Amino acid sequence: MNPVSIKNLTVAYHKKPVLQEVSFQAPEGKLIGIIGPNGAGKSTLIKAALGLIPTASGEIKVFDDQYKKQRKRVGYVPQRGSVDWDFPTNALDVVLMGRYGHIGWLKRPKKRDVELAKSCLDKVGMLEFANRQISQLSGGQQQRVFLARALAQDADVYFMDEPFVGVDAATEKAIISLLNELKAKGKTVLVVHHDLQTVEEYFDWVLLLNMRKIAFGPTKSTFTVDNLQKTYGGRLTFLTDQQVAVDGKQ
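What counts and how
Residues numbered from 1 in each chain as written. Predicted model: local features only at pLDDT ≥ 70, side-chain atom pairs only at ≥ 80, totals over all residues. Heavy atoms only, no water. UniProt positions renumbered as here; feature names shortened; annotations may be inferred. Pairing = 2+ DSSP bridges. Helix = DSSP H or I, 4+ residues; strand = E, 2+ residues; numbered from the N terminus. Axes fitted to C-alpha atoms, helices over the stretch in contact; angles between N-to-C directions. Contact = heavy atoms within 4.5 Å. Core = buried A, V, L, I, M, F, W, Y, C linked by side-chain atoms within 4.5 Å. Buried < 20%, exposed > 50% of the residue type's maximum accessible area, 1.4 Å probe, protein only.

Under an unreviewed UniProt entry, the name given to the protein chain is Metal ABC transporter ATP-binding protein, and the organism recorded is Metabacillus arenae. The heading Sequence similarities (unreviewed entry) in the UniProt record of the protein chain holds the text "Belongs to the ABC transporter superfamily."

Now the structure itself:
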C-alpha cells in the first residue's frame, strides 16, 4: 500500500484553478520535498490531502483508504504563520493535542500520554519550556513544539508545510535530524520546501510542482536543471553545480 496516493487532483479558488490534475504515489519510508515557485499550489496540495479545503475533482487516499478513515495515521505541521500563537496554552498542552486521536477529545490525558509528550519535547530540545506559554517562545522554539506535537501523534505519514522557514540554524539542524529519525522508523514525510540548495542534502524524493506536476521521483534523477527550468520558467539562475538561485537571489 502506498502511504499517499493522489490521482487527478484539481483544486480551484473562485473558479480559478490552483492545482490541475496532479497525480503521484508517495513511497513508504522516504523524505519527499515538495518544490516549486510561490503560488505553485504546494500548500494547497497538503491542505487538500488533509481535507482542509474542498477539491474540484480527483482522488486522495492514505494507505488505500479515505483520509478521514486514516486520520490517526497522519501527522501535520502547518505553516507557523497560520497558527494563533496568542492562544493561552503552554508547550506541553500543545504537544498533548497530538495524543487526542488516541485518547479522545473528551477524555483527560493519562500519565503515559503526559510522559510521552515530555519525551517528544525532550527530543526537540524543548523540555525545559514545557510550562512556558507558546506566545512567549521564539519562532524557532514554536516550530519545535509543533514538531513535538507531530511526534506525539505517532503517525505513519507526516505532512509539513515549510517547517524550515524563519528558524535559526540550530532549529533547522534539529528538524532535519528529526526527519531522518522518522524515516529510519519507516515513516513517510512530505515537506513543502523553498531552499533549492538543500534539496539534494535533505530529501530522498522530490515532487516538482507548478500548478501541475512537473516531475516526481528520486532526487538524484528528478532534481535536474531541465526539470527545474520547467518548474520555475525563466526565473532560475544557475551559479554552480551546487548552487541554484531563484530570481537572481542565492
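Student: Account for the sheet that holds strand 3 (residues 31-35), naming residues and giving values.
Tutor: If you walk across this open sheet you meet the six strands as 5-6-7-3-8-9, and the pairing is mixed. Strand pairing shows two members of the sheet lacking a second neighbour, strand 5 (74-77) and strand 9 (212-218), which therefore form its edges. For this sheet the average axis-to-axis angle between neighbouring strands, irrespective of direction, equals 15 degrees. With four bridges connecting them, strand 3 and strand 7 (residues 188-192) associate as parallel partners. Paired with Leu-31 across the bridge in strand 7 is Val-189. Sitting on the sheet, helix 9 (residues 225-232) touches strand 3, strand 8 (205-210) and strand 9, and the angle it makes with strand 8 is about 35 degrees.

Student: Before we move on, could you go through the nonpolar core and cite the residues and values that matter?
Tutor: Val-95, Leu-121, Val-145, Met-160, Leu-179 and Val-189 are the most contacted members of the largest nonpolar core, which has 46 residues in total. The element best represented in this core is helix 5 (residues 139-153), accounting for seven residues. What Val-145 contacts, discounting residues up to four positions off in sequence, is Ala-91, Val-94, Val-95, Leu-121, Met-126 and Leu-137. Counting 28 residues, the second largest nonpolar core, distinct from the first, contains Ile-34, Ala-49, Leu-50 and Leu-207.

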